[in-house]
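As a plain string of letters, each chain reads:
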Amino acid sequence: MSDVFQFMNIPRQDGAKTPAEVRRVEFKEIYAPMNPTQAGEQAGRCLECGNPYCEWKCPVHNYIPNWLKLINEGKLFEAAELSHQTNSLPEVCGRVCPQDRLCEGACTLNSDGFGEAVGGFGAVTIGQIEKYISEEAFKAGWRPDMSHVVKTSKRVAVIGAGPAGLGCADILARNGVTPVVFDRYDEIGGLLTFGIPEFKMEKWVMTRRREVLEGMGVEFRLGTEVGKDISMQQLMDEYDAVFMGMGTYTYMKGGFPGEDLPGVLEALPFLISNVNHRLGFEKPGDDYHSMAGQRVVVLGGGDTAMDCNRTSIRQGAASVTCAYRRDEKNMPGSKREVVNAKEEGVQFLWNRQPVEIVGDGKVEGVKLVTTELGPPDVRGRRTPVVVPGSEEVIPADRVIIAFGFRPNPQPWFTDFGITTDQGGRVVAKGGQHKFQTANPKIFAGGDMVRGSDLVVTAVFEGREAAEGILGYLGVW
Ligand code: FAD
Ligand code: SF4
């Protein structure tokens, strides 16, 4: 770097954010892209720590200081090539990773409480620069260099075109193995397309990534559900190995009275109905759930809850209130998204636990109790304890339940010797090769193995599983 003290002269600067009053009515990404000067200056704030904590905390272990240095020196294509060495979807992770909990939280310059802060200078804007690198490189015509790849005759079926499946396909293609990716949806991306709303990531990002992957030799069979449109047996017969990255799609319930009242919605069907409505993917008989004019209460405190809050605002809800059973500090979602939600008009009720959805034939309100935080549980998260006599009912016309997702093991798993743990997660550890299931020809990764988590952890597991497959096929 030209000046190692640049962080003292140039403050952390995020890409410009669209004003909240504009955001409230449009489904567009809210952060403007950085320009080359900004990106170079912000990248130059990196201290080039000898032992970069950001790199360790990043689940794919991106070579962060190295590509920051390349951007500071204006070497865009080299930065893009390097960032793709460790991450199959850098343009996506730069947009949707909870950086405050990952790379930026671990940055030595960070002053927001993770690790040792150096005087409150503010972490390097790693996520936005990661996005900048891919966006600018793609615009300038860069594509992954496949010139050195030696093709083999091996073909692997990948079930699921979400981050795990795409991570796996990327590594297989780069090693001369043809991945054929099956997905029941008509576009790739999994929850990135049919879940995460456009204000976090616009949908063309995945369309372009499909074209990039197709250019690398990845084949897609979209609109094809394994177990319905094509059998697992056919995949086992026709391919040299199978990777499963099928996600987790069992909705978690609260287990309190009133959850079945008309007006109560699950988070994912609500978000998917919005995507389908907006993109023209609606099929006859599909329901579009509009929150226009409604008093909406969202239950939950994760990324899914924030997406429901902010989608309801954009649909024209009369009010949006989000109730969560812990305090703001202990919520699981990205802090950045809570700030964005507040700016857009979402009201938060912290330390409130729902005990009933009330109404006569339809939703009329939510009964909440106040909680205090008790001792930490085995995962270190403090358990909410109900304050006696604290019941209150807040009025609502619609309630959206965003308590998370559990795995949905398929009935055909047992026919192929695929085992699951008590929580329904596919067991893919302990085999000879990385992410191999109890059936040596079948590998698995992402949410269906680790439980609902993050895009970047799913990408990592897909890539690792691909390495396992390459070992199994004897390509490595
Ligand atoms: P998925 O993305 O679920 O992909 C699985 C794919 O498999 C799907 O496309 C599905 O159609 C396909 N499939 C399943 N069964 C079959 C079958 N039988 N045949 C063919 N295809 C099949 N993470 C973040 O890091 N940041 C965020 O901001 C964030 N926001 C989120 C918001 C919401 C609303 C949700 C629900 C999740 C969010 N997450 C976020 C989590 C993240 O999206 C997931 O952890 C990630 O997508 C998991 O990747 P995956 O590939 O394992 O599964
Ligand atoms: Fe940070 Fe996520 Fe990029 Fe890793 S992948 S550098 S955690 S934004």
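Residues numbered from 1 in each chain as written. Chains lettered and ligands numbered in written order. Predicted model: local features only at pLDDT ≥ 70, side-chain atom pairs only at ≥ 80, totals over all residues. Heavy atoms only, no water.

- Going by an unreviewed UniProt entry, the protein chain carries the name Glutamate synthase [NADPH] small chain and comes from Sulfuriferula multivorans.
- UniProt, in its Catalytic activity (unreviewed entry) section for the protein chain, records the words "2 L-glutamate + NADP(+) = L-glutamine + 2-oxoglutarate + NADPH + H(+)". (UniProt positions renumbered as here; feature names shortened; annotations may be inferred.)

## Some thoughts on the overall build of the protein chain
Stage number 1. Of the regular secondary structure elements, the protein chain holds 17 helices and 16 strands.
Stage number 2. The C-alpha radius of gyration of the protein chain comes to 23 Å, within 12% of the 23 Å expected for a compact globule of 476 residues.
Stage number 3. Each principal axis of the C-alpha distribution contributes one length, and for the protein chain these read about 65 × 65 × 45 Å.
Stage number 4. Across the 476 residues that make up the protein chain, the buried fraction comes to 56%.
Stage number 5. Carbon and sulfur atoms form 50% of the exposed surface of the protein chain, whose accessible area is close to 19,900 Å².
Stage number 6. Here the protein chain contributes 52 positive and 62 negative side-chain charges, whose respective centroids are spaced 1 Å apart. (Helix = DSSP H or I, 4+ residues; strand = E, 2+ residues; numbered from the N terminus. Rg over C-alpha atoms; globule rule 2.2 N^0.38 Å. Buried < 20%, exposed > 50% of the residue type's maximum accessible area, 1.4 Å probe, protein only. Areas by Shrake-Rupley, 256 points an atom, 1.4 Å probe, with all protein chains shown as cover. Lys, Arg positive; Asp, Glu negative; His and termini not counted. Charge placed at Lys NZ, Arg CZ, Asp CG, Glu CD.)

## Observations regarding the packing of helix 6 (residues 76–86) against helix 9 (residues 126–139)
Stage number 1. Interaxial distance between helix 6 and helix 9 falls to 9 Å at its minimum, and their mutual angle equals 120°. Classified by the interaxial angle, the pair formed by helix 6 and helix 9 is oblique. Handedness of the crossing formed by helix 6 with helix 9: left-handed. Packed against helix 6, whose contacting residues are Leu76, Phe77, Ala79, Ala80 and His84, the element helix 9 presents Tyr132, Ile133, Ser134, Glu136, Ala137 and Phe138 at the interface. (Axes fitted to C-alpha atoms, helices over the stretch in contact; angles between N-to-C directions. Parallel < 35°, antiparallel > 145°, perpendicular 65-115°, else oblique. Left-handed = near helix turned anticlockwise from the far one by under 90°. Contact = heavy atoms within 4.5 Å.)

## Things to note about the sheet that holds strand 7 (residues 295–299)
Stage number 1. Spatially, the five strands line up as an open sheet ordered 6-14-7-8-9, and their pairing is parallel. The sheet is open, and its two edges are formed by strand 6 (264–266) and strand 9 (347–349), each paired on a single side. Averaged over all pairs of adjacent strands, the angle between strand axes in this sheet comes to 25°, irrespective of strand direction.
Stage number 2. Packed on one face of the sheet, helix 14 (residues 303–314) meets strand 7, strand 8 (319–323), strand 9 and strand 14 (398–401) and runs near 170° to strand 8. (Pairing = 2+ DSSP bridges.)

## Quick notes on the side chain of Arg23
Stage number 1. Topologically, Arg23 is positioned in helix 2 (residues 20–23).
Stage number 2. By relative accessible area, Arg23 is classed as buried at 2%.
Stage number 3. Leaving out residues up to four positions away in the same chain, Arg23 has contacts with Lys17, Thr18, Ile30, Arg314, Asn340, Glu343 and Glu344.

## Brief notes about the nonpolar core
Stage number 1. In terms of nonpolar packing, the biggest core is built from 94 residues, with Met232, Leu235 and Met244 touching the most fellow members.
Stage number 2. Here this core takes nine residues from helix 17 (residues 455–473), the largest share from any one element.
Stage number 3. Beyond its immediate chain neighbours, meaning those up to four positions away, Met244 contacts Ile159, Met232, Trp412, Phe413, Ile418, Val426, Ile442, Phe443, Ala444, Gly445 and Met448.
Stage number 4. Membership of the second largest hydrophobic core comes to 23 residues, among which are Met291, Ala305, Ala317 and Tyr324. (Core = buried A, V, L, I, M, F, W, Y, C linked by side-chain atoms within 4.5 Å.)

## Overview of the pattern of salt bridges
Stage number 1. This model, assessed by the stated rule, comprises 37 salt bridges.
Stage number 2. We note a salt bridge from Asp397 to Arg295, for which the minimum N-O separation is 2.9 Å. Placement of Asp397 in the loop between strand 13 (392–395) and strand 14 and of Arg295 in strand 7 is noted, with a sequence separation of 102 residues between them.
Stage number 3. Put simply, Glu467 and Lys434 hold a salt bridge, and the shortest N to O gap is 2.7 Å. Pair noted here: Glu467 is in helix 17 and Lys434 is in the loop between strand 15 (405–406) and strand 16 (442–444), with a separation of 33 residues, a long-range link.
Stage number 4. Each of Lys17, Arg23, Arg310, Arg314, Arg336, Glu337, Glu343 and Glu344 takes part in salt bridges that share partners, so that together they form one network. (Salt bridge = Lys/Arg side-chain N within 4 Å of Asp/Glu carboxyl O.)

## Overview of the environment of Ile401
Stage number 1. Relative to the elements of secondary structure, Ile401 occurs in strand 14.
Stage number 2. Note: C-alpha distance between Ile401 and Leu222 (179 residues apart in sequence) is 29 Å.
Stage number 3. Not counting chain neighbours up to four residues away, the residues in contact with Ile401 comprise Met252, Glu259, Val264, Leu265, Glu266, Ala267, Leu299 and Ile357.

## Looking at the state of the cysteines
Stage number 1. By the definition in use, this model includes zero disulfides.
Stage number 2. This cysteine, Cys322, is not joined by any disulfide, and Cys308 carries the nearest cysteine sulfur, 9.1 Å off. (Disulfide = S-S within 2.5 Å.)

## Structural notes on the site of ligand 1
Stage number 1. Neighbouring residues of ligand 1: 32 residues in total, closest Val96, Asp183, Lys200, Val226 and Tyr249.
Stage number 2. Between Arg184 and ligand 1, the recorded distance is 2.9 Å, taken from a side-chain N or O atom to an oxygen atom.
Stage number 3. In the environment of ligand 1, an oxygen atom lies 3.5 Å from a nitrogen or oxygen atom belonging to the backbone of Gly245.
Stage number 4. When ligand 1 sits alone it has 1,000 Å² of accessible area, and the protein chains cover 97% of it.
Stage number 5. For the shell around ligand 1, the elements supplying multiple residues, two or more each, are helix 10 (163–174), strand 2 (178–183), helix 14 and helix 17.
Stage number 6. The leading source of residues in the shell around ligand 1 is helix 14, at three residues. (Near = heavy atom within 4 Å. Polar contact = N/O pair within 3.5 Å; in protein donor to acceptor, adjacent residues only side chain to side chain.)

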